[in-house]
Amino acid sequence: MSQVLSEETHRNMLARIPHCTGREISDWLRTVEEEGPSLFRFEEKVSWLRHEYDLAYGHAKAIVHEYDLRRAARNLR
């Protein structure tokens with residue numbers, strides 16, 4: 001079962017990802033967009049990032065959550 005993070009916790013996690021992974025958030029979001037388009041469910045994307053890129057669960061979850069937030073914002077325009 002996935003945990004729901006507060007907005008502040010999510011932002012703090014995003015801020016730490018570049019230091020922990022060596023890649024910027026924009027790079028990760030592009031990776032999800034370009035390499036993971038056939039994955040529909042949240043947990044599938046998280047699992048794919050974890051196994052493909054050896055990410056911690058929290059980092060993968062934050063990346064996918066941010067991707068989904070930005071994708072939803074694009075669709076509202």
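Above this text is the structure in question.
Residues numbered from 1 in each chain as written. Predicted model: local features only at pLDDT ≥ 70, side-chain atom pairs only at ≥ 80, totals over all residues. Heavy atoms only, no water.

**Some thoughts on the nonpolar core**
Core analysis: the biggest nonpolar cluster contains 16 residues, and Ile17, Trp28, Val32, Leu49, Leu55 and Ile63 have the highest contact counts within it. Listing elements by their share of this core, those giving two or more residues are α1 (7-21), α2 (25-35), α3 (42-53) and α4 (57-76). Excluding residues that lie within four positions of it along the chain, Leu49 makes contacts with Trp28, Val32, Asp54, Leu55, Ala60, Ile63 and Val64. (Core = buried A, V, L, I, M, F, W, Y, C linked by side-chain atoms within 4.5 Å. Buried < 20%, exposed > 50% of the residue type's maximum accessible area, 1.4 Å probe, protein only. Helix = DSSP H or I, 4+ residues; strand = E, 2+ residues; numbered from the N terminus. Contact = heavy atoms within 4.5 Å.)

**Examining the packing of α1 against α4**
The description of two packed helices rests on the angle between their axes and on the distance between the axes. Put simply, α1 and α4 touch, their axes get as near as 9 Å, and they point 115° apart. Crossing handedness for the pair α1 and α4: left-handed. The segment α1 lies against α4, with His10, Arg11, Met13, Leu14, Ile17 and Cys20 engaging Gly58, His59, Ala62, Ile63, His65, Glu66 and Leu69. Tallied by class, the residues present in the contact of α1 with α4 amount to seven nonpolar, four polar and two charged. (Axes fitted to C-alpha atoms, helices over the stretch in contact; angles between N-to-C directions. Left-handed = near helix turned anticlockwise from the far one by under 90°. Nonpolar A, V, L, I, M, F, W, Y, C, P; charged D, E, K, R; others polar.)

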